[in-house]
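# Working through the structure, step by step
Listed here are the chains, written in short residue letters.
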Amino acid sequence: MNIYPNAYFERVEEITIEFLNKNKIKALLLDVDNTLVDYSKKMTESVIKWAKELKGQGVKLYILSNTNDKAKIENIVKELDIPYQLFAMKPLKKGFKKAQKELGEKSENIAIVGDQIFTDIMGGNRCNMFTILVEPINEKDFWYTIWKRPIEKKIKSKIKLEQKTK
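Quick caveat, the model's predicted, so the values are computed rather than measured. Every chain is numbered independently, its residues counted from 1 as its sequence is written. Residue-level local features of this predicted model are given only where pLDDT is at least 70; pairs of side-chain atoms are given and counted only at 80 or more, and the full residue set underlies all totals for whole chains, interfaces and linings. To obtain the side-chain values, all non-hydrogen atoms of the structure were used and water was disregarded.

### With respect to the nonpolar core
- What is meant by a nonpolar core is a set of buried Ala, Val, Leu, Ile, Met, Phe, Trp, Tyr and Cys residues, joined one to another through side-chain atoms within 4.5 Å. We call a residue buried when its accessible area falls under 20% of the maximum for its residue type, exposed when it is over 50%, and partly exposed in between, using a 1.4 Å probe and counting protein chains only. Formed by 32 residues in total, the largest nonpolar core has its most connected members in Leu28, Trp50, Ile63 and Ile132.
- Counting from the N terminus, the helices are the DSSP runs of H or I reaching at least four residues and the strands are the DSSP runs of E reaching at least two. Elements with a minimum of two residues in this core: strand E1 (7–9), helix H1 (17–22), strand E2 (27–30), helix H2 (45–56), strand E3 (60–64), helix H3 (70–80), strand E5 (110–114) and strand E6 (130–134).
- Residues are treated as being in contact if the distance between any of their heavy atoms lies within 4.5 Å. Ignoring anything within four residues of it in the chain, the contact list for Leu28 reads Leu20, Trp50, Leu54, Val59, Lys60, Leu61, Tyr62, Ala111 and Val113.

Structure (structure tokens):
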């Protein structure tokens with residue numbers, strides 16, 4: 001069970017087209033909660049600009065979320081004009097594989113971007129996708145996520161230490 005990401009960034013906006021091209025990434029599966037939007041369901045202008053710039057450079061974007069809040073997701077996809085999947089049941093493979101099929105890309109050319117190791121990263125690794133961990137936008141979290149954060153914090157400390165020694 002691989003819980004380590006291929007890459008780590010503070011925010012999604014730090015992921016550049018150069019980084020994606022270098023790693024042969026043609027499509028991004030994007031988590032929503034605490035990755036694209038904060039606890040109050042707000043998406044910043046910088047995230048919108050980042051997503052539109054990547055799309056403009058040919059990167060396919062796709063929302064892959066465990067939420068069942070259709071209204072929240074539809075607000076985001078309306079703003080970004082990208083396909084989505086609700087209740088993806090990450091880290092199970094089914095949602096990742098469905099997204100891959102819809103995108104028409106090989107798994108090695110898809111990256112999953114998310115703030116949670118035990119859903120986004122673990123699921124992406126299980127599907128042989130490139131995995132990118134980002135810091136949560138807010139410290140405020142949902143009850144079903146809070147218990148995992150201390151474990152993730154220890155793993156992130158190791159990742160950050162490894163990055164400094166590279």
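### Observations regarding the sheet that holds E5
- In this analysis, strands are considered paired if DSSP registers two or more bridges between them. Taking strand neighbours across the sheet as the criterion, the six strands line up as E1-E6-E5-E2-E3-E4 in an open arrangement whose pairing is parallel. The strands lining the two open edges of the sheet, one partner per strand, are E1 and strand E4 (84–85).
- When E2 meets E5, the two strands line up parallel, connected through four bridges. Bridge pairing in E5 places Leu29 opposite Ile112.

### With respect to H3
- Where H3 is concerned, the buried positions are Lys72, Ile73, Ile76, Val77 and Leu80. Considered in projection along H3, the buried side chains sweep an arc of 120° and stay on one side of the axis. Of the exposed residues in H3, those oriented more than 90 degrees away from the buried face are Asn75 and Lys78.
- As for H3, its buried residues are in contact with H2, E3 and E4.
- A positive phi of about 55° marks Asp81, the residue just after H3. The arc in question is traced by the directions running from the helix axis to the C-beta atoms.

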